[in-house]
Amino acid sequence: MRDLVTGMSYLAKGQRWVGRNRRQWGFGLLPGLITLIGYAAALTVLVLRADDVVDWATPFADGWGSPWLGLFRGALTALFFGGCLLLALLSFTAVTLLVGQPFYEALSERVDLTEGGSAPSSGLPLWRELWISARESLAVLVRAALWGVLFFALGFVPFVGQTVVPAIGFCVSGFFLTEELTAVALQRRRVALKERLELLRSRKLLVLGFGVPLTLLFLLPLVAVFVMPGAVAGATLLARDLMGETGDDGEPDAGGADVVSAPPASEW
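Given the structure is predicted, the values throughout are model-derived calculations rather than measurements.

**Q** Looking at this model, I keep getting lost on the confidence of the model for the protein. Mind explaining?
**A** The predicted coordinates of low-pLDDT regions are not to be read in fine detail. Looking at the protein, the pLDDT average stands at 81 and 90% of residues meet or exceed 70. Confidence over residues 252-267 falls short of pLDDT 50; this stretch has 26 contacts with residues more than four positions distant or in other chains.

**Q** Please clarify how the side chain of Arg196 should be interpreted in this entry.
**A** When you line up the elements, Arg196 lands in helix H7 (residues 193-202). From its side chain, Arg196 meets the backbone oxygen of Val191 in a polar contact 3.0 Å long. The contacts of Arg196, once residues within four sequence positions are left out, are Glu136, Glu179, Ala183, Leu186, Gln187 and Val191.

**Q** Sorry, what's going on with the pattern of salt bridges here?
**A** For side chains of opposite charge, pairing can occur when their charged atoms come near one another. Enumeration over the complete set of coordinates arrives at 10 salt bridges. Residues Glu179 and Arg196 are paired through a salt bridge, measuring 2.7 Å at the closest nitrogen-oxygen approach. Separated by 17 residues along the polypeptide, Glu179 in helix H6 (residues 164-188) and Arg196 in helix H7 bring together distant segments of the chain. You can call Glu179 buried: its relative accessible area is 1%. A relative accessible area of 1% means that Arg196 is categorised as buried. Between Glu245 and Arg189 there is a salt bridge whose closest N-O contact spans 2.9 Å. Here the residue Glu245 occupies a position in the segment after helix H9 (221-242), and Arg189 occupies one in the loop between H6 and H7, the gap between them amounting to 56 residues. The pair formed by Glu245 and Arg189 is uniform in burial state, with each residue classed as buried. In the salt-bridge network here, residues are joined through shared partners; they are Asp112, Arg188, Arg189, Arg240 and Glu245.

About the thresholds
Residues numbered from 1 in each chain as written. Predicted model: local features only at pLDDT ≥ 70, side-chain atom pairs only at ≥ 80, totals over all residues. Heavy atoms only, no water. pLDDT = per-residue confidence, 0-100. Contact = heavy atoms within 4.5 Å. Helix = DSSP H or I, 4+ residues; strand = E, 2+ residues; numbered from the N terminus. Polar contact = N/O pair within 3.5 Å; in protein donor to acceptor, adjacent residues only side chain to side chain. Salt bridge = Lys/Arg side-chain N within 4 Å of Asp/Glu carboxyl O. Buried < 20%, exposed > 50% of the residue type's maximum accessible area, 1.4 Å probe, protein only.

If you want it as structure tokens, here you go:
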């Protein structure tokens, strides 16, 4: 349970960090605002067309009588829209991080400097970092989409689909959301996606303590934009913990970024 509380504390510490560094917070808002406008337009179209999509996908139900047709298609519409929202939540972070890569890299480096006195660097050109980030974000989104399909199917199970499945869904969303955010700091340490996932799985309560509350906050689009810079700062603190760059008391280790060796460049 200690890890669960520690994960929550990193989320709060990240927000406090950007509160003390208002310039970094201001720059960090720009990518989120740009992405939000695009997603708002897409979701508006989705709301207007969701009924048509469900009708097209269920022609076998055209002859059903009332009220079964309405109940069936209404439930499917809600599940379809909920699945799209889940995917939007996860992809919003990925797209925002990709759009704001230079901004969030600089913010994460500043956190490292203030916490440990040094900031690890991948040593790669920007175009290569963007390519790696896009490739790995796509891989994460594919995993998240597969979970989304599973949860969509399980949503038809009576009682369990309306209680247990949504709770597990928030946990899975929190895990992948944390992966996307910690990737900013861990990619600079040249930790590949496979190793990042192993690190996160080794401290599941820490990851869920950070990711699940953030997932709930990200359900509110405007809130997501404003907390994004602090989320990146908090995820950097969490990444330092995962890499052993903080002591047992949570204070920076004297070794800083040298505590864990980076994987060989061939993996990148």
